[in-house]
Amino acid sequence: MAEVTPNADENPWKKLNVAIQDADTLRQEAVEAHTEHLITEIETLEGPLATTLRAVYDGEGVDYFMEKLDARIKGHDHEIERMCNYHYQGFIDSIRELQQVSGDATKLKGEIQGLNRELKFSCDPLLSKGDELVKYRKIQKNVTLAIESLSLCLPVLEMYGKLQEQMKCKRYYPALKTLEQLEHTYLPRVLNHWFSQTMAEAIPRLRERIKDASMVELKDFLESIRKHSAKIGEVAMRHAAEQNNMDPSIAKKRVKTRRAPPPPNPFTGEVEDVAPSPPTNNSDKEEELSAQDLIDFSPVYRCLHIYSLLGDKEKFESYYRSQRWKQAWLSLQPPPNMHESLDLFKKYFHDIIGFFVVEDHILHTTQGLVTRSHMDELWEKTVEKLSATLRITWKSCKLASLMLEVKKLIVLFCHTLKGYGFSVGRLLELLLEMRDRYSVILSDQWIDVFTDIFTEDNYTPILCDKPEDYVIICSQFPYTDKELDKSEYPRQFPFSQFVPSIYVQVKEYINACLKFSADLHLSHTEIDDMIRKSANQLLTKTLGACLSKLIKKPSLSLLQLIQISINMNYLEMSCEYLEEYISSLTGAEKDSVHIARLHGSSMFKDARSEAEQQIYQQLNLKIDEFLDLASYDWTISDSKGQASSYLMDLVVFLKSIFMSFTNLPVFHTSCSKYVEKVAKTACMSACQHIASRLMALMLDNEVKLLSMGAFHQFNLDVMQCEQFAASAPIPDSNDGTLQMAFTDLRQLLDLFINWDWSVYLADYGKQQSRYLRVPRHIAVSLLEKLNNGDKKKNNLFASLKKNERDKKRLIETVLKQLKVLENGAA
């Protein structure tokens, strides 16, 4: 098609106007078509017009739509009018026919009403019966449904009633079984009933009630078991004593008991009927209850099964073990002042045994609630705590008899729990520690025994006026003397009463130690070593300390000290008999290389030496009392011509003392020789002490001046002492030994009185020197004092005397020579 070329002369705006007009025409046609479409929808649509009306009002030609709608309405009104005009005659005919039919209908209605009345009159009985039939059919159906419902509900209600009854009677395990049947078997059948929901909601609460109630029973059981543990332990200890042939008297005396009723079945709660036992008057023949008969364990079993069924077994086991451990800890706490009463010890051990007897029963009658490892752990902790408690208690215990009874209790305690499978080795080892403490307590008690013996003794030889007294002493102490056995009464023993008393008490101590070894299953050698160790401790420490304290008593006289030293000889000899006595008790051979020896012999020797030293010390103290009275004028020009009065009194005293030693009423050769030896030693000690004290008087630093007159007076006193030594104050002492005690004094006085310095200086340092026992420093000291004395003389003309001047020069010369010797020796 060829393209039309616009005419240049044609107006372009005209063409644009034509295009605009065409567009308006098209828009108008679209609006008309849309409006026509909406009106058609309104006419034909049977449903809601909301969508169509919203389209009308959302558009822009609402006014145009209303015009078109009015036009359409008018068109339809015209169509209706035309149609009505066309069918008007037919309408009139129809009205006439309808009126005719209305008459016929009225007539028919009357006939029908008559027939209805007749039919109603004839059918009323039938309808009445039919209504009754329908009513009864409904009743029958309801009854049938009720019976069916009741047949389903009654078992549920019966089970629920049974559950409530079991809960009321505290039969919780059967109640739990009933609850399980009710939940899984019966309630599903009645889910359409309202009460089933209520029951279903109550089941968890009932389970919790059962758990709580069983836990309450368990707590009551734990409280009851805490109260009855001591009784259970007592019964178990008595049975163990009977089985091991031990003395059951350490437990409480058997009392007539009434057998408790058998425990109810833990699952059914029923109690079996038991025929009453015939009464008997003989309590010894009465059947003893076992420890398990005293306690009803069914609460534990029930609670365990209940928690197992409810899935909380571990929780129950944890709770039970923790509570029982708390009870065990309470049982292990000792009662106050337990160390003062055996009954408190019994209660303490009974309580612990009762706890483990109960746990052992639970171990063997349940599965998993108590395990062997748990029991072993409990036992280890118990042994540790028990050992610590007993160690502390022993330190406070002061009675050996109580310690012995406690030891028996511990042994029986070990036998009892060993029968239940517990290891008691550590407790038996603890008894060895207890043995040492027992020995210490015995030794402390024997201190009072020995002290009483020493207080009651008169420290004179035992004198027996009658054969009965003699036999008693010989039975108490192993002393034999053929000559004494043949002598006439009264007979005198060489020792005083405390010798047989000490011997008897040492044997009593050994017997007391032996009692502790009973039931310890020790060998003869071990028992022998134990007793010998304890006896050595008694002899060396206890008796030795008591003897030392006795010997040092200032109230004892020299004669009493002599008797004590004599007693030590016989006690020393008795140690051999004590060893034989121990061997006879323990059954150990005396010559065995494993047997330790008693140390009593050396202890008695030391005591005898201490008594002798005390004799010498007391004698020297008495001598000091006399020498303290000495009062010398060291500057006198001439002596008094006789010995000093204090020294004369001292010599008289010494003669009387040694005379009393010689005249002691000792009828035995060995004692006489011993007394003579002690007297000689005492006399030598006295002479040496006198010599040393006299020497100290001259060398006293407070003595600054000396005169030859003082030397002469002092010489008279020393001569008096030498005469005493030469007079043989002790028989057979005239061999010159006593005089040797004054040799130092004699050589010193001879040197000064004889003025023999030339010999002293010439022989100085030689073994054959006449003045060998005169030390140089003593000679120098006395010369200086003598020289000072000469300087202090108040005689105005003394310096004019030739003799005085010569003497002074001689003293100075001797002093210079002595100092030269001293410097040369240095």
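Residues numbered from 1 in each chain as written. Predicted model: local features only at pLDDT ≥ 70, side-chain atom pairs only at ≥ 80, totals over all residues. Heavy atoms only, no water.

Caption draft 1: Structural view of the packing of aromatic side chains. Inspection of the entire model under this criterion finds 36 aromatic pairs. Ring geometry for W379 and F422: centres 5.2 Å apart, planes at 40°, overall tilted. Placement of the pair is W379 in helix α10 (residues 372–396) and F422 in the loop between α11 (400–418) and α12 (425–456), with a sequence separation of 43 residues. The burial state of W379 is the same as that of F422; both residues are buried. Site record: aromatic cluster; members linked through ring pairs are Y470, F477, Y479, Y489, F493, F495, Y503 and Y570. Cation over ring: R491 sits above Y470, and NZ or CZ is 4.8 Å from the ring centre. We note K507 situated over the ring of Y581; from NZ or CZ to the ring centre the distance is 4.7 Å. (Phe/Tyr/Trp six-rings, centres within 6.5 Å; stacked < 30°, edge-to-face > 60°. Helix = DSSP H or I, 4+ residues; strand = E, 2+ residues; numbered from the N terminus. Buried < 20%, exposed > 50% of the residue type's maximum accessible area, 1.4 Å probe, protein only. Lys NZ or Arg CZ within 6 Å of the ring centre and 35° of its normal.)

Caption draft 2: Examining helix α17 (residues 558–586) more closely. Here α17 spans 42 Å end to end across 29 residues, near enough to the 42 Å set by a 1.5 Å rise per residue. In terms of burial, α17 is largely enclosed, as 21 of its 29 residues are buried. One or two steps after α17, the chain reaches G587, where phi turns positive at roughly 85°. (Expected span 1.5 Å × (residues − 1).)

Caption draft 3: Focus on the side chain of E572. Secondary-structure assignment places E572 in helix α17. Taking relative accessible area as the criterion, E572 reaches 18% and is therefore assigned buried. Discounting chain neighbours no more than four positions away, the residues touching E572 are S601, F604, K605 and R608. (Contact = heavy atoms within 4.5 Å.)

Caption draft 4: Spotlight on the state of the cysteines. Under the criterion given, the structure shown has zero disulfides. Between C687, a cysteine without a disulfide, and C683, which holds the nearest cysteine sulfur, the sulfur-to-sulfur distance is 4.4 Å. (Disulfide = S-S within 2.5 Å.)

Caption draft 5: Up close: the nonpolar core. Core analysis: the biggest nonpolar cluster contains 184 residues, and F413, F450, F454, I564, L619, L654 and F658 have the highest contact counts within it. In terms of residue count, the dominant contributor to this core is helix α20 (residues 669–698) (14 residues). Beyond its immediate stretch of four places on either side in the chain, L654 contacts L619, I623, A686, I690 and F724. One finds A175, L182, M199 and I203 within the second-largest nonpolar core, a separate group that totals 21 residues. (Core = buried A, V, L, I, M, F, W, Y, C linked by side-chain atoms within 4.5 Å.)

Caption draft 6: Expanded view of the confidence of the model for the protein. In this model, the protein carries an average pLDDT of 79, and 86% of its residues clear a pLDDT of 70 or more. Under a pLDDT of 50 for its full length, residues 1–9 has, in the predicted model, one contact with residues more than four places off or in other chains. Here residues 252–264 scores under 50 on pLDDT; set against residues more than four positions off or in separate chains, the count is 28 contacts. (pLDDT = per-residue confidence, 0-100.)

Caption draft 7: The arrangement of the packing of α10 against α11 in detail. Running from N to C, α10 and α11 point in directions that differ by 175°, and their axes come no closer than 13 Å. Looking at the two axes, α10 sits roughly antiparallel to α11. Between α10 and α11, the residues in contact are W379, L386, L390 and W394 and M403, I410, F413 and L417, respectively. Among the residues making up the contact of α10 with α11, the classes are represented as eight nonpolar, no polar and no charged. (Axes fitted to C-alpha atoms, helices over the stretch in contact; angles between N-to-C directions. Parallel < 35°, antiparallel > 145°, perpendicular 65-115°, else oblique. Nonpolar A, V, L, I, M, F, W, Y, C, P; charged D, E, K, R; others polar.)

Caption draft 8: Geometry of a negative patch on the surface. Side chains of D444, D448, D452 and E456 sit close together on the surface and give a patch of like negative charge. Turning to its location among the elements, E456 is positioned in helix α12. Exposure remark for E456: the relative accessible area of 67% places this residue in the exposed category. (Patch = residues over 30% accessible without salt bridge, like charges linked within 9 Å, V, L, I, M, F, W, Y side chains within 5 Å. Areas by Shrake-Rupley, 256 points an atom, 1.4 Å probe, with all protein chains shown as cover. Salt bridge = Lys/Arg side-chain N within 4 Å of Asp/Glu carboxyl O. Lys, Arg positive; Asp, Glu negative; His and termini not counted. Charge placed at Lys NZ, Arg CZ, Asp CG, Glu CD.)

Caption draft 9: Spotlight on the packing of helix α6 (residues 194–243) against helix α8 (residues 313–331). Two numbers describe how α6 lies on α8: the axes approach to 11 Å, and their chain directions differ by 20°. Relative to α8, the element α6 lies roughly parallel. Note that α6 runs across α8; the crossing there is right-handed. Contacts between α6 and α8 involve M215, L218, K219, L222, E223, I225 and R226 on the former and, on the latter, F316, Y319, Y320, Q323, R324, Q327, L330 and S331. Each residue belonging to the contact of α6 with α8 can be placed in one class, and the counts come to eight nonpolar, three polar and four charged. (Left-handed = near helix turned anticlockwise from the far one by under 90°.)

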